[in-house]
Amino acid sequence: MLVFKCPYCGIEADETELNPGGEAHLKRFGPGSSDEELEGYLFNRENPKGVHFERWRHVYGCGKWFHAARCTATLEVFGTYSAQTFEPPKEIIDIIKAKRPGWKWRNLS
Amino acid sequence: MKRYSVFAVAREALRYHQGWGRAWKSPEPKKKYDAIIIGAGGHGLATAYYLGKNHGLKNIAILEKGWLGGGNTGRNTTIIRSNYLQDASAAIYEKARSLYETMSQDLNYNVMFSPRGVMMLAQTQHEIRGYKRTAQANSLQGVSTEFISPEKVKSLVPIINIDGPRYPVLGALWQSRGGTARHDAVAWGYARACSDMGMDIIQQCEVTGIRHENGQVQGVETSKGSIDCQKLGIVVAGHTGVLADMAGFRMPVEAVALQALVSEPIKPCMDVVVMANTVHGYMSQSDKGEMVIGGGADGFNNYTQRGSFHHVEETVRALIETFPIISRLKMLRWWGGIVDMTGDRSPILSKTPVVNIFINCGWGTGGFKAIPGSGWAMAELMAKGHSSLTEEFSLNRFKEGKFIDESVAAGVAH
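This is a predicted model, so every value here is computed, not measured. Position numbers for residues count from 1 along each chain, tracking the sequence in the order it is written. As they are written, the chains are lettered A onward and the ligands numbered 1 onward, keeping that order. In keeping with the model being predicted, local features are shown solely for residues with a pLDDT of at least 70 and side-chain atom pairs are shown and tallied solely at 80 or more, while totals for entire chains, interfaces and linings include all residues.

Colleague: Even after reading the chapter, I still don't get the overall build of chain B, so can you show me in this structure?
Modeller: Note on conventions: DSSP H or I runs of at least 4 residues are helices, E runs of at least 2 residues are strands, and numbering of each starts at the N terminus. Regarding its fold elements, chain B presents eleven helices and 18 strands. In this setup the radius of gyration rests on C-alpha atoms only. A globule is expected at 2.2 Å times the number of residues raised to 0.38. By the compact-globule yardstick of 22 Å for 414 residues, chain B fits well, its C-alpha radius of gyration being 21 Å. Here the C-alpha coordinates of chain B stretch approximately 65 × 65 × 40 Å along the principal axes. Two residues form a contact once the distance between their C-beta atoms, set from the backbone, is within 7 Å. Long-range contacts, defined here as pairs at least 24 residues apart, represent 76% of the contacts in chain B between residues at least 6 apart.

Shown next, in the form of C-alpha cells:
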C-alpha cells in the first residue's frame, strides 16, 4: 500500500486515506489556444514507466491537496511537497537524481 | 500442423501420447519481415492470424518480451459481451463476439467458449433508464439484448439477493449469447494457427527501440538483435506509452492497474455472468468452481502488475450484499494487470504519425472480449490502410472531439 507523508498536517497517510488527482503541474489551455494545445492539455498525459509527479488529496484527513513524486515501476515514493508550486522543489529533484540517474519528465531531468 | 480431433486422441491413446508435438515453433528471428507485431497477447496474435488468413500476409514476426499470453490475456476475468451503447463500439465488439462463436472450429483449438449469458444488474432508477436505452440501441445495431425483470433475474441466478437492502435488484440488461471463454486457450489457439501459417512467434524478445527514417518505419531493435520490417503493429496494452515513446510520438493513454481474484472452488451455483456496476463488482463461476471476481481499476498510474489491496475489500464487500452466499468463501488467488486507459474509455486502432506504424491499444479494462474483432479490424487496417471497423477509433478523434464515449455508456466495469 502506498504511504505518503502529507506536507500540510505531517501525517503518514495510507493510500486509503488519500484520493489520487492525476498528473501534476499541468499547464491549462482554454479559449484562444490551438487545437493541439487543447488536445494535449485534455488527453496527452505523461505516462512514464518510472519517475512521475502527481497530485493527491488528503481527503480523509486534513483535506488538503498536495504533490507527490513517485516511481510507477516500483511504487517507491521519493517525497511529497506543497501544492502551491509550479514545479517540484530542488530537494525532491536531488533525491530523484541520486536514485534514478538519467531520468526525465517533461522538460525536467 | 497435426489437427486435433477425436481420432487424434484415439491414435495417441494407443501410443502413450508420444506423438503430440509442440503447438507452435519457437524460432530465432530472421533479419527481415513484411510485418512485425509487437506483443504476443490475444490482440497481437489475432492481428497476425487475420493478416495471414484474410489478407495473405504470412511473412510476419510476433515479438513478445515475456511469454505468450502472459500479460492481460492471462489476467482478465474472461467475460465476453457486446452490449455497448455507441454504434462503433457495438460493431467491433459484436464482430468479436460472433467470431468467438466459431473460434474453436476456426482454430481447431478448444477455447471453451461458453455463451452462458451476461447480466448487468440495474440497482438504481438511473441504471434502469440507462440499460433500457442500451437495449433499444442494441436492437437497432443488431445486437441481441433485452431488459429483464427482477423475477427473471432471480430465476436465472437463484443465489442472488434481489431485495437489497441498500441496492435492490430492479432489473437487468441481459445478453443471452454473451459469456466466457478459456483465456489462455484463445492465445494458444491463435499462436498455433499463426505458427502453422509460417509466422515466427519470438518470445523473451524485448523491443528496445524503433527505427524510422523520413517518417517511415524501418525496423526494430530488440534484445535478440535488429530486425527490419515494412509494417509495424504495436499491440502492447499497458506498455503502449513506452513503445510510442520509442517511436517518437505520444499516445493519449495512461497505464493503471486492474485486478481480479478467485475464491476457493465450490460446487456449481451460478451459470451466468453477473455484473453489478453501481456497487462496482462482477462475478462468474469458472469451470473449476472458483468464483471469479473483478472490480474497479486503481486511480493512479502504475506499471507493477499488482493492485491496491483495499480494492479487493471494496469489491467483495459490495458483492456480499448481493450474493450473501459468498461471504464465507476464502480467497484463492489475486492478481493484477496493467491496462491502458483512454479519455473516452474506447480503444484506439489507428495509423500513427510514422508511416506504416499502426497501433492497437486503449482497450482499458475490457480487452479480452474484443480479441477476435480487434485482430480482424487491425489486420484489415494494416493490410489495406483502412477498415470500416476502425475508422471511428482513430487517434485524431481526440483532437477533433469525435469521442466514442463509453465511460458513461457502458457502465464502469467492462
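That shown, we press on.
Colleague: Would you take a moment to explain the domain arrangement of chain B for this structure?
Modeller: The figure often quoted for interface size is the accessible area lost as the parts come together. All names here are of chain B. Taken domain by domain, chain B holds domain 1 (28-105 + 182-252 + 344-400) and domain 2 (118-179 + 255-342). Each of domain 1 and domain 2 has a C-alpha centre, and the two are 28 Å apart. Across the contact, 27 residues belong to domain 1 and 29 residues belong to domain 2. Mapped onto the side of domain 1 that touches domain 2, the elements with two or more residues apiece are strand 3 (79-80), helix 3 (87-101) and helix 8 (240-247). In terms of residue count, helix 3 provides more of the side of domain 1 that touches domain 2 than any other element does, four residues in total. Residues are grouped as follows: Ala, Val, Leu, Ile, Met, Phe, Trp, Tyr, Cys and Pro are nonpolar; Asp, Glu, Lys and Arg are charged; every other residue, Gly included, is polar. Across the side of domain 1 that touches domain 2, the residue classes tally to eight nonpolar, twelve polar and seven charged. As used throughout, domain bounds are those supplied by an automatic or database domain assignment.

Colleague: So what exactly am I meant to see when it comes to the sheet that holds strand 13 (residues 273-276) of chain B here?
Modeller: Paired through their backbone hydrogen bonds, the strands of a sheet run either parallel or antiparallel. All names here are of chain B. Sheet architecture is open: eight strands sit in the order 5-6-4-13-14-15-12-16, paired in mixed fashion. In the strand order of this sheet, the two ends are held by strand 5 (146-148) and strand 16 (331-342), each with one partner. Within this sheet the neighbouring strands show an average axis-to-axis angle of 25°, counted without direction. Note: two strands are recorded as paired if DSSP finds a minimum of 2 bridges between them. Note: strand 4 (residues 118-122) against strand 6 (residues 171-175), five bridges, orientation antiparallel. Angles here are taken between N-to-C directions and fall from 0 to 180 degrees, while the axes themselves are lines fitted to C-alpha atoms, restricted in helices to the stretch in contact.

Colleague: Would you mind showing me how to read the nonpolar core here?
Modeller: Taken as a class, soluble globular proteins show a tendency for nonpolar side chains to be buried jointly. For this entry, the nonpolar core is defined as buried Ala, Val, Leu, Ile, Met, Phe, Trp, Tyr and Cys residues connected by C-beta atoms within 7 Å. Three classes are used. A residue is buried when 20 or more other C-beta atoms lie within 10 Å of its own, exposed when 12 or fewer do, and partly exposed in between, with C-beta atoms placed from the backbone. Of all hydrophobic cores here, the largest spans 124 residues; its most connected members are Ile 36, Ile 62 and Met 119 of chain B. The dominant element in this core, judged by the number of residues it contributes, is strand 12 (residues 253-263) of chain B, at eight residues. Counting only domains with at least three residues in this core, you end up with domain 1 (28-105 + 182-252 + 344-400) and domain 2 (118-179 + 255-342) of chain B. Once residues lying within four places of it in the same chain are set aside, the contact partners of Ile 36 of chain B are Ala 61, Leu 63, Val 220, Ile 227, Cys 229 and Leu 232 of chain B. Among the nonpolar cores identified, the runner-up in size contains 14 residues, and Ala 13, Leu 18, Phe 66 and Ala 68 of chain A belong to it.

Colleague: What exactly am I supposed to notice about the interface of chain A and chain B here?
Modeller: In this complex, chain A contributes 17 residues to the contact, which on the side of chain B involves 19 residues. Elements with a minimum of two residues in the side of chain A that touches chain B: helix 1 (35-42) and strand 4 (51-57) of chain A. With three residues, helix 1 of chain A is the single largest residue contributor to the side of chain A that touches chain B. In the side of chain A that touches chain B, the residues fall into six nonpolar, five polar and six charged.

Colleague: Looking at this model, I keep getting lost on the sheet that holds strand 5 (residues 65-71) of chain A. Mind explaining?
Modeller: Residues and elements named next belong to chain A. Strand order across the open sheet formed by four strands is 3-4-5-6, with antiparallel pairing between neighbours. Each having just a single partner strand, strand 3 (19-23) and strand 6 (77-81) make up the two edges of the open sheet. Along the sheet, successive strands turn relative to each other by an average axial angle of 30°, direction set aside. Of the pairings in the sheet, the one linking strand 5 to strand 6 comprises four bridges and is antiparallel in character.

Colleague: For this particular structure, what's the right way to read the environment of Gly 281 of chain B?
Modeller: Residues and elements named next belong to chain B. Secondary-structure assignment places Gly 281 in strand 14 (residues 281-285). The exposure class of Gly 281 is buried, given the 24 C-beta atoms found within 10 Å. Each C-alpha atom of the pair Gly 281 and Asp 405 lies 21 Å from the other, and the pair is 124 residues apart in sequence.

Colleague: Would you mind going over unusual backbone geometry with me for this structure?
Modeller: With the exception of glycine, most residues fall at negative phi, and the peptide bonds are largely trans. All names here are of chain B. The phi dihedral of Asn 108 falls on the positive side, at around 50°, and the residue is not glycine. As for its placement among the helices and strands, Asn 108 is situated in the loop between helix 4 (103-107) and strand 4. Even without a glycine there, the phi angle at His 280 is positive, about 70°. The topology assignment puts His 280 in the loop between strand 13 and strand 14. Here His 280 falls in the partly exposed class, since 18 other C-beta atoms lie within 10 Å of it.

Colleague: Help me understand helix 7 (residues 183-196) of chain B, please; the structure alone is not making it clear to me.
Modeller: The periodicity of an α-helix, 3.6 residues per turn, causes residues three or four places apart in sequence to face the same way. All names here are of chain B. By this rule, a helix spans an expected 1.5 Å times one less than how many residues it contains. Taking 1.5 Å of rise per residue, the 14 residues of helix 7 would be expected to cover 20 Å, and the 20 Å separating its terminal C-alpha atoms lies within 8% of that figure. In terms of burial, helix 7 is a largely internal element, eleven of the 14 residues being buried. Taken residue by residue, helix 7 has His 183, Val 186, Ala 187, Trp 188, Gly 189, Tyr 190, Ala 191, Arg 192, Ala 193, Cys 194 and Ser 195 as its buried positions. Each element contacted by the buried residues of helix 7 is listed here: helix 2 (42-55), strand 2 (60-63), helix 4, strand 8 (200-202) and helix 10 (371-384). The first or second residue beyond helix 7 is Gly 198, which carries a positive phi of 95°.

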